[in-house]
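# Summary of the model geometry
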Amino acid sequence: MFEPASKSMPAIDYVSMVRSVYGDRRAMLAGLMGCAVGAGASAYKTGSLLLWLVAGLFVVIAVGRFITIGKFNESKLGPTDVEAAEKWENWATFWAASAALVCGVWCVFSFLVVGDPFAELISMTTTVACMVGIVTRNFGLVRMLNIQLLIAVALLCGSLLFKGNIYYPILGALLFPMLMGFSSLARGLRNVMLGAVHARNEASRLAAELDTALDTMHHGLAMLDSSGLISVVNGRAEQVFDGFVPGNWEGRSFAALIAAAASRGSIPQRSAEQLMQVVNGQRSGKVILKLANSRFSEVTVSARQGRVVLLFEDITERVRAEERINFMAHYDALTGLPNRGYFAQQVGADLERRRTEATGETAMLMIIDIDDFKHVNDTAGHLVGDRLLVEAADRLKGAIGMRGLVARLGGDEFIVYRSGDVGPDDAALDSEAILSAFKPPFSIMGESLSTNVSIGIVTSDDASEELDGMMTKADLALYKAKGGGKAQSQHFHDEMDTAYRYRQRLKTELRAAVEAEALTLVYQPLVDLKTRRVVACEALARWTHPMLGSIPPSLFIPIAEETGLISDITRWVLKTATAECRNWPDHMSVSINVSARDFRNADVEAMVMGALASSGLAADRLEIEVTETALIEEKDAATTILSVLGKRGIGIALDDFGTGYSSLSYLQALPFTKLKVDRSFVMDIGVNPRSLKLLSNVAQLGKDINLTVTAEGVETEEQLALIQEHTKVDQIQGYLFGIPLPKREVGELIARMEGAAGQKAGGFAESRIRVNAG
C-alpha cells in the first residue's frame, strides 16, 4: 500500500495522476492558510504558544508547497516521463505527510495539552475537512493518500482515546472507520478518473485516426445527419461540392446543394433526381454523375440509423477507358466502321425480327473485297494500305448512305446489309453505286492509286434465313465475281450451289472420318519470350481425305460446327492431347480450342474432366481456348462452364483477340488467364509503327489485368526483336519457332528448344533455324 503508483499503472496514467496533485496551487494555498487561520484563532483564544507554533508550521508548509508547484509547472513533465514523475510524487508526498502530521499534532495539542473546547472543536473539524480534501485531491496517488490518512487519523483518534472522558474514545471509535473508509472512496474516484482519461485518450486517438483517414483517402466522403445536413466532409468531397456550386457547404442541406447544382447545369437533372431518390430512401446504392467539366463521379450511398454516408470517387479515367474499350469492342480501330462482331449482333437482331413478325421483307447482304489490295501493300507499303482502307470505308458509306449497315469484316473485306425497303432493283443499284464510287483514283500520301472492288450479293425473302447462310452465299458470289475478272458484282444464283453440294459431301465424309477416328492432331509450340523454352503446345485437328487430300481446317471446322460434329471432335482432341501432354516435360501444358457449339450441345465440363481423369494430366497443365464467337452465341452457358473450369485450376485463354469481336467486354467478367493476340496485330509491326504501338497497348492491357499475353503469327526475327523490345508480351507462337507438327516431331522440337534455352541468343537463333529447316 506504500509502493509508488508508478509500479501499478501505465506510464501515461501515472504521469496524469502526478499532474493532478499539482493542478491548482491557489486552492492548495487557500486550504493550508485556512488551517493556519484556525490554529491561530485557537492560539489567540487560549494564549497557547504550541498552537501558535502549529499555525506557523501551516504557513511554512503552504509556502513550501507553493514554491514546489511553481517549479513543477516549469519542469514541462513529459506524458511518459516516469522517472521525473516519481521525483515529483516524492516531493508531493513529503509536503502532504507534513501537512497531515501538523494537523494530527494540532489535535494532540488541542485535546491533550490545551483542553479548550473551541480549540478541540476547530482542530478536529479542520482535520476531518482536510481528510475530505485529501481524498478529492490526492486520490490518484495511493501511497501519498494512505500516508496522509494514517498519520492524521492515528493522531486524531489517539488524542480522543487518551482524553480520559469515556465519550471522547467513543467519538474516536466512530471517526476511525469513517476516516479510514476515505481510502476506499479515493480508490473509486481514482477508477472513475482513469476510466475518463482512457476514454478521452481513446476518443482522441480515434478522432486523430479518423482525421488522418479522411484527409488522406483518395475519395471524397461526406456524412449527412438525420436532417439531411452535411455534418462531416473531407477535402476531396469539398472539391467535388465546389465543382457543383462554389462555397462552403458543411452544415448545410445536401438536397439544396444537389438542387443548386442541377439548376446550374453542373450535373444532369436526371442524375440529381436518381441520387436524391437513393439518399431520401435511406438505402444503399450507386449513382454516376457526369459533371459539367466532362468528368465523372461515382457516388456510393450507404445509410444506417438515420445517417447517410456518401463516397465520391472520380471515375473519369475508368469511364473513358470503358468508352475506349466499348468502341474497340464494337468498331474497327482503323476505319471506325462496326466490326464483324457488332455487325453480327445487329444483323442477327434484325433477322430475328423478320422471323418473329413474318413481314415478308427482303434482306440483302453484300460482301465487298478490294481488288489486288495485297499488291498495294507490297508496292506502296502498309501505311498507304491502311490509308486506302480508311478512304474505301468512307466511299462505301457515301455510296450506301443511311439505307444500309456498312461494316468491316477484316483485312480488305467489307460487308453491307439492308432490309425492309429493299426492292427488286435495289441490289443492282447499290452495287453499281459502290462500283462507281471506286472508279476515281485515290490520292494517298502523294500517290495516285486506281483501285476497284468486287462484290458478292445475296437477297432473300425467306424469314428463316440465317446470317451465316447469307454470308456463305455472298462469299460464293464474290468468288464468282473475282474469278470473272474483278471490278464487278455477282448475284448469288442456283448455279453456285455446286459449292453447297461439295460441302454436303464433306459433311457426310467428315462424319465417317470422326467416327473412324481418322483425324489427326498436330501441335504448335508456344515459347516463353524470356526463357526461350517451349511452355505449351496448341493442339490442332487435321483431316486428310483419302481422295481429296488435305482438307483445310477453315473448311471442315465450320462444317463440323454446322453439323454438330464439333463436340465429338473436341472430345477426341481433349482425350488425345491430354494423353500426349503426359509425355512432355512437367512445366509444359496443352491448349485446346472449344467452340460455341460445344457450349450449346455438349457437357463441356464433363468432357474436360473426363479427359483429365483418363489421361491423369494435372488440371493446371490444360488450357481451354475460346473465341469471342463462343461467348457471344452462348454467353450464359460459356460463363458458367468457364467459371467452374477456372476454379478447378484449368487455364482459360481468349483466342484471336482483336479480330473484330467485342472481346474486351468479357475480360473482366470471365476467369481468363491468357490473352492470345491475333496475328493481324503482328504481321506488319516491322513496317508500321502504329501496328507496333497497338500491339504494345493491347499487351499492356492484358498485363494490367494480370493475364499472360501470347502473340500469334510471329514469323520473322525482326518481329521477335520488336516484340521483345517494345511490348510486354509473355509468349510467342508462330512459324518462327515451328509449324504445327505431329506428336513425334513436336517431341523432338521440344527437346531441341529445351537445350537451346540454355544457350545465348545467337546460338539460340541458329538452333531455331535448324529446327524450322528440319
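These numbers come from a predicted model, not from an experiment. (Residues numbered from 1 in each chain as written. Predicted model: local features only at pLDDT ≥ 70, side-chain atom pairs only at ≥ 80, totals over all residues. Heavy atoms only, no water.)

Another point: a nonpolar patch on the surface. Together, Leu50, Leu53, Leu57, Leu112, Val113, Leu161 and Phe162 line one region of the surface with nonpolar side chains, adding up to about 660 Å² of accessible area. Structurally, Phe162 can be placed in the loop between helix 6 (142-161) and helix 7 (167-180). (Patch = residues over 30% accessible without salt bridge, like charges linked within 9 Å, V, L, I, M, F, W, Y side chains within 5 Å. Areas by Shrake-Rupley, 256 points an atom, 1.4 Å probe, with all protein chains shown as cover. Salt bridge = Lys/Arg side-chain N within 4 Å of Asp/Glu carboxyl O. Helix = DSSP H or I, 4+ residues; strand = E, 2+ residues; numbered from the N terminus.)

On to the nonpolar core, then. Core analysis: the largest hydrophobic core is formed by 81 residues, its most contacted members being Leu622, Ile624, Phe672, Ile723 and Ile732. Per-element accounting of this core gives the leading share, seven residues, to helix 20 (residues 566-581). Aside from chain neighbours lying at most four places away, what touches Phe672 is Val626, Leu631, Ile652, Ala653, Leu654, Tyr666, Leu667 and Leu707. Counting 33 residues, the second largest nonpolar core, distinct from the first, contains Tyr14, Ala96, Cys103 and Trp106. (Core = buried A, V, L, I, M, F, W, Y, C linked by side-chain atoms within 4.5 Å. Buried < 20%, exposed > 50% of the residue type's maximum accessible area, 1.4 Å probe, protein only. Contact = heavy atoms within 4.5 Å.)

This part covers the pairing of strand 14 (residues 534-545). As a general feature of sheets, a regular strand has side chains that alternate between the two faces. In terms of burial, strand 14 is largely enclosed, as ten of its twelve residues are buried. Hairpin remark: strand 13 (residues 520-528) followed by strand 14, antiparallel, with five residues in the connecting loop; positive phi at Arg532, about 60°. Summarising the sheet, strand 14 and strand 16 (residues 589-593) pair through three bridges and their orientation is parallel. Paired with Glu538 across the bridge in strand 16 is Ser591. Both strand 14 and strand 15 (residues 549-551) contribute to a ladder of three bridges, which runs antiparallel. Pairing of Trp543 across the sheet is with Ile551, part of strand 15. The antiparallel hairpin formed by strand 14 and strand 15 contains three residues in its connecting segment. (Pairing = 2+ DSSP bridges.)

Looking at where Val233 falls in the secondary structure, it is placed in strand 2 (residues 230-233). Judged by its relative accessible area of 14%, Val233 is buried. As for Val233 and Met223, which are separated by ten residues in sequence, their C-alpha atoms are 6.5 Å apart. In contact with Val233, other than residues within four places in its own chain, are Leu221, Ala222, Glu238, Phe241 and Glu250.

Moving on, we come to the sheet that holds strand 6 (residues 363-370). Read across the sheet, five strands follow the order 7-8-6-11-12 without closing on themselves; strand pairing throughout is mixed. Of all the strands in the sheet, the pair left with one neighbour each is strand 7 (405-410) and strand 12 (489-491). In this sheet, adjacent strand axes meet at a mean angle of 20° when their direction is disregarded. The pairing of strand 11 (residues 453-460) with strand 12 spans three bridges and is parallel. (Axes fitted to C-alpha atoms, helices over the stretch in contact; angles between N-to-C directions.)

The analysis is restricted to geometry; functional conclusions fall outside its scope.
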